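Spelled out, the chains give:
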Amino acid sequence: MYVFIVFVIVLAAYFAAYYLYGKRVLEQKVVKADPNRLTPAVEKFDGIDYVPANKYVLYGHHFASIAGAGPIIGPATAMVWGWGLPLLWVLFGNVFIGAVHDYLSMMASVRHGGVSIMSVSENVMGRKARYIFLAYVWFALVLVLAAFNSVASSVFVGTPTAATLSLIYMPLALIFGLLVYRAGLRVSYATVITLILIVLAAAYSLSYPTYLTYEAWVVILTIYSFIAAALPVWYLLQPRDYLNAYLLWAFVGIAVVTSVLTLDLALQGPIMTKFAVSGAVIGALPGTTPAKMDIAYFWPVIPLVIACGALSGFHSVVASGTTSKQLANELDALFVGFGAMLAEGAVASLAVILPIAVAWNFAGLETATGFPVLNALTKAGINTTAIKEIIKLPAADRFTNGYGLAAATAFSRVLGPSPFIDLFLGFKTFAAWALSAFVLTTLDTANRLARFAWKEMFDWLEKRIGQLIKR
Amino acid sequence: MAELKSLLGAAMTILGVLLFIYTFFYVATTKGAVGVKGQVTADPIIGTVGFLLILAGPALWFGEVPVNIKKLVEAKTGRKV
């Protein structure tokens with residue numbers, strides 16, 4: 001199987017899904033989106049959470065919030081079944097379940113005044129259901145915070161140059177916001193200035209790693225997510241997520257260019273390993289019997305492994321939480337809700353599954369391309385004598401190394417073999433930074449959503465206190 | 001109260017910028033890295049404190065809703081915000 005075939009199938013599926021299914025069926029026939037109806041962002045404007053945003057800004061926010069680690073770590077983990085089955089699930093689940101779910105939950109919230117999907121449920125299932133749903137989501141969000149904090153901390157420990165870049169990137173997003181909102185600079189000029197600064201910061205960060213222990217990062221990121229979730233959305237969230245959209249397009253763009261430049265390359269990985277794999281994949285403790293037995297059946301395990309890349313209930317909490325409160329026009333919703341989910345599927349298939357399938361066997365890739373793959377990996381600290389296949393690495397490392405190797409292979413075909421190792425290290429850091437940027441965004445969005453859920457859960461108390469004060 | 005908040009924000013921002021520059025541009029370039037692998041040292045802690053101050057400081061310093069967002073909402077709803 002060649003890159004070309006997979007690439008064409010993925011692109012055709014997403015374009016057809018957006019225009020034929022999303023636009024013509026969901027937007028025009030199901031939702032009947034009306035550009036003249038006031039959205040909650042305008043109607044309930046409060047300057048903190050209800051603030052209308054440009055659709056590209058909101059797209060960046062929504063994508064970065066729903067993406068997190070799911071579309072990257074999930075498919076990277078699922079590669080134990082080979083690349084064919086995960087790809088099939090991503091395409092099917094993404095188009096027919098995930099994207100529909102995200103878009104409709106956003107519009108349900110918009111038509112209910114921007115309240116969360118948990119409060120929308122009151123209309124269909126009653127008041128008790130609403131509070132049970134709110135309590136469940138609040139606890140689930142605490143788990144999401146813990147999980148994503150752990151992923152971001154691991155990425156910073158594993159790729160310390162990505163930590164430096166992430167810490168410099170955030171203040172640059174603030175500078176962008178201040179240039180536009182305070183200095184009154186045109187968005188296009190501010191974008192160019194900030195993007196140049198980000199590129200310089202990326203080049204600078206490659207030489208200066210930031211070292212801290214995993215535990216220290218967990219503490220720092222907890223404080224970060226608390227502060228970031230309390231700040232007004234226009235101040236950090238909107239400018240950072242506007243820039244996140246560029247990061248996303250660069251990230252997916254590099255994956256697309258990589259695919260185009262390697263269309264004739266054969267995939268090193270198997271289309272399918274076996275239908276049932278080791279229980280370790282679904283969390284069995286190492287060394288125990290379940291971890292050694294093949295009990296992880298592709299179905300029904302796969303929706304749990306590839307969550308965000310194909311479908312995720314968390315997305316409805318984001319769509320009806322921060323996103324629905326910033327939607328300026330109902331016609332923006334398809335692009336933001338449906339489009340961001342398709343982009344997430346594109347990330348899973350083109351930026352994770354395809355590169356890992358290309359770089360599956362290190363020696364095989366070196367033979368097929370003639371580039372110093374083994375030397376590059378050794379320079380990145382990987383013992384290629386012991387680890388001969390990418391699948392032997394932890395999931396996050398499969399992604400960063402797979403992305404780095406595939407992109408370095410593609411660009412070295414144009415630039416020649418000499419910069420291969422530098423290209424690999426650069427693209428690997430870029431991949432780790434993109435992953436951490438999406439994870440950090442999800443981290444503070446999840447914190448903000450937990451605040452919304454908490455507030456909605458105790459709205460009855462707020463009303464009673466209000467009445468007591470009046471008496 | 002608003003002035004005090006603004007002053008506090010300004011102080012946090014200036015201190016944050018100084019700590020951030022010291023860590024990520026002075027320490028990084030002189031030592032080749034911020035911190036030591038596998039250890040918690042003062043440099044990255046100073047840098048991240050600077051980072052957190054930069055996040056929170058300007059919000060207190062310039063803490064009001066931007067005029068163009070206000071204008072957009074006023075134009076759409078017809079009411080003053």
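Above this note sits the structure.
Residues numbered from 1 in each chain as written. Chains lettered and ligands numbered in written order. Predicted model: local features only at pLDDT ≥ 70, side-chain atom pairs only at ≥ 80, totals over all residues. Heavy atoms only, no water.

A. Seen up close, helix 19 (residues 420-457) of chain A. Over its 38 residues, helix 19 of chain A extends 54 Å from the first C-alpha to the last, a length consistent with the 56 Å expected when each residue adds 1.5 Å. Counted residue by residue, helix 19 of chain A has 31 buried out of 38 residues, so it is predominantly covered. (Helix = DSSP H or I, 4+ residues; strand = E, 2+ residues; numbered from the N terminus. Expected span 1.5 Å × (residues − 1). Buried < 20%, exposed > 50% of the residue type's maximum accessible area, 1.4 Å probe, protein only.)

B. Inspection of unusual backbone geometry at higher detail. All names here are of chain A. Looking along the chain, the bond that leaves Trp299 and enters Pro300 is cis, with omega of 20°. Here Pro300 is to be found in helix 13 (residues 298-305). Not every positive phi belongs to a glycine, and Lys32 is a case in point at roughly 50°. Residue Lys32 is classed as exposed on the basis of its relative accessible area, which comes to 56%.

C. Structural detail: the nonpolar core. Residue and element names in this part refer to chain A. Counting 182 residues, the largest nonpolar core has Trp81, Phe251 and Phe438 as its most contacted members. Per-element accounting of this core gives the leading share, 21 residues, to helix 19. Apart from the residues lying within four places of it in its own chain, the contact partners of Phe438 are Phe63, Ala64, Ala67, Gly68, Ile72, Leu247, Leu248 and Phe251. (Core = buried A, V, L, I, M, F, W, Y, C linked by side-chain atoms within 4.5 Å. Contact = heavy atoms within 4.5 Å.)

D. How the structure looks around the interface of chain B and chain A. Contacts between chain B and chain A engage 36 residues on the former and 37 residues on the latter. Both faces combined, the contact of chain B with chain A buries some 3200 Å², and carbon together with sulfur accounts for 78% of it. Sorting the residues of chain B by area buried against chain A places Phe51(B), Leu55(B) and Lys76(B) first, and these three jointly supply 18% of that buried surface. One can count 0 salt bridges joining chain B with chain A. (Buried area = accessible area lost by both parts, 1.4 Å probe. Salt bridge = Lys/Arg side-chain N within 4 Å of Asp/Glu carboxyl O.)

E. Main features of the packing of helix 18 (residues 395-415) of chain A against helix 19 of chain A. Residues and elements named next belong to chain A. One way to put it is that helix 18 packs onto helix 19 with a least axis distance of 7 Å and a crossing angle of 135°. Here helix 19 runs oblique to helix 18, going by the angle between their axes. In terms of crossing hand, the pair formed by helix 18 and helix 19 is right-handed. Between helix 18 and helix 19, the contacting residues are Phe399, Thr400, Asn401, Tyr403, Gly404, Leu405, Ala407, Ala408, Thr409, Phe411, Ser412 and Leu415 on the first element and Phe420, Leu423, Phe424, Phe427, Lys428, Phe430, Ala431, Ala432 and Leu435 on the second. Residue composition of the contact of helix 18 with helix 19, by class: 15 nonpolar, 5 polar and 1 charged. (Axes fitted to C-alpha atoms, helices over the stretch in contact; angles between N-to-C directions. Parallel < 35°, antiparallel > 145°, perpendicular 65-115°, else oblique. Left-handed = near helix turned anticlockwise from the far one by under 90°. Nonpolar A, V, L, I, M, F, W, Y, C, P; charged D, E, K, R; others polar.)

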